[in-house]
Amino acid sequence: MTTPVAYGSATADPGVGPQPIGAIVVSGQPDIQYLNLETATNCYPGRLVTKGTHDNDVAVCGAGGVPVGVLGYEQASKKDRPATRATIYVADAQVPVLKRGKGATVILYLSADAATIVKGDKLVCAAAGCVTKATAAKFATSTAAAVLGGTASPTIAGSIPTEGLPVATAEESATVVDVGGWIMATLES
């Protein structure tokens, strides 16, 4: 057994190739849309973003939200690109938003509470545009206790679970310790 290699503050399986430095796209061709960054709070490259006030505006996506894509980095104009992928974008910048592309693998940022991710795990949107491991859906009563028998008759309305739909599949195993970290993941199509 080999010791995991640290990527950022997460540890990853050393059998996976190295993550690119200074880039978000690992492989594939995601569709790119250039949009106005309405609010810069937590808008770092590799974070999930959602629609802002107008259709051409984006802001960081919250937990359980419906993201429109991932903030790119290397695709940004020199005028709008942050110094590093760990540097926040500024408000009103024209930002590259990476959208689903067949087989596009990108670098995303794990939530500090993501714990252990295993290659193949589905990832969902967490707070501040980060991702975390999706959990299995279950019926629950108003007391948050799992429904185990046929006596309760819960219903589910709508097609989007409370955590949101999976946005990516982990391409490496990683363990988060106290703070978030980078993870390679293939965007869902």
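Every value quoted in this text rests on a predicted model; they were computed, and no experiment measured them. (Residues numbered from 1 in each chain as written. Predicted model: local features only at pLDDT ≥ 70, side-chain atom pairs only at ≥ 80, totals over all residues. Heavy atoms only, no water.)

**A closer look at the pattern of salt bridges**
Side chains that carry opposite charge are capable of pairing whenever their charged atoms lie near each other. Inclusion rule: Salt-bridge detection follows one rule: a side-chain nitrogen of Lys or Arg within 4 Å of a carboxyl oxygen of Asp or Glu. A run of H or I in DSSP counts as a helix once it spans at least four residues, and a run of E counts as a strand once it spans at least two, with each numbered from the N terminus. Only protein chains enter the calculation, and the probe is 1.4 Å; a residue is then buried if its accessible area is under 20% of its type maximum, exposed if over 50%, and partly exposed in between.
A full pass over the atoms with the stated rule returns 3 salt bridges. Of the charged contacts in the structure, one is a salt bridge between aspartate 121 and lysine 133, with a shortest N-O distance of 3.6 Å. With a gap of 12 residues between them, aspartate 121 in the loop between strand S10 (116-117) and strand S11 (122-125) and lysine 133 in strand S12 (residues 131-133) connect regions that are remote in the sequence. For aspartate 121, a relative accessible area of 16% puts it in the buried group. Glutamate 188 serves as the salt-bridge partner of lysine 122, at 3.1 Å between the closest nitrogen and oxygen. Of the two residues, lysine 122 is situated in strand S11 and glutamate 188 in the segment after strand S15 (181-187); the sequence distance between them amounts to 66 residues. Accessibility expressed as a relative area gives 37% for lysine 122, which makes it partly exposed. On the accessibility criterion, glutamate 188 (19% relative accessible area) is buried.

**Looking at the packing of aromatic side chains**
The geometry of two aromatic rings is summed up by the distance between their centres and the angle between their planes. Our working definition: Any two of the Phe, Tyr and Trp rings considered here, Trp counted by its six-membered ring, make a pair once their centres fall within 6.5 Å; the pair's planes then place it as stacked at under 30 degrees, edge-to-face at over 60, or tilted in between. A positively charged side chain is recorded as over a ring if its NZ (Lys) or CZ (Arg) lies within 6 Å of the ring centre. The angle to the ring normal must also be within 35 degrees.
Per the counting criterion, the structure on display carries 1 aromatic pair. Here the aromatic rings of tyrosine 109 and tryptophan 182 are separated by 5.1 Å at their centres, their planes lie at 85°, and the arrangement is edge-to-face. Residue tyrosine 109 is found in strand S9 (residues 105-110), and its partner tryptophan 182 is found in strand S15; the two are separated by 73 residues along the sequence. Like tyrosine 109, the residue tryptophan 182 is buried in the burial classification. The aromatic ring of tyrosine 73 is capped on one face by arginine 81, whose charged end is 5.9 Å from the ring centroid.

**A closer look at the sheet that holds strand S5 (residues 48-51)**
Our working rule: Strand pairing is assigned whenever DSSP detects at least two bridges linking the two strands. Interaxial angles span 0 to 180 degrees and are taken between N-to-C directions of axes, which are lines fitted to C-alpha atoms, for helices over the stretch in contact.
On the basis of which strands lie adjacent, the closed barrel formed by 5 strands has the order S4-S6-S5-S7-S8 and mixed pairing. Mean inter-strand twist for the sheet, computed between neighbouring axes without regard to direction, equals 55°. In the sheet, strand S4 (residues 31-37) pairs with strand S8 (residues 94-99) via 6 bridges, with the strands oriented antiparallel. Note on S8: the bridge partner recorded for leucine 35 is valine 95.

**Description of the pairing of S4**
Where S4 meets strand S6 (residues 57-60), 2 bridges bridge the pair, whose relative direction is parallel. Looking across to S6, one finds that leucine 37 is bridged to valine 58.

**Focus on unusual backbone geometry**
Despite not being glycine, asparagine 42 has its phi angle at roughly 60°, a positive value. The residue asparagine 42 is located in the loop between S4 and S5 in this model. Positive phi, normally seen in glycine, also occurs at alanine 128, with a value near 60°. Of note, alanine 128 is situated in the loop between S11 and S12.

**Details of the state of the cysteines**
Worth spelling out the cut-off: Two cysteine sulfur atoms form a disulfide, by the criterion used here, when they sit within 2.5 Å.
Per the counting criterion, the structure on display carries 0 disulfides. Here cysteine 125 stays free of any disulfide, with the sulfur of cysteine 61 as its closest cysteine sulfur at 3.5 Å. With relative accessibility at 4%, the residue cysteine 125 sits in the buried group. This cysteine, cysteine 130, is not joined by any disulfide, and cysteine 125 carries the nearest cysteine sulfur, 8.3 Å off.

**Notes on the pairing of S8**
Note: strand S7 (residues 69-71) against S8, 2 bridges, orientation antiparallel. Pairing of valine 70 across the sheet is with leucine 98, part of S8.

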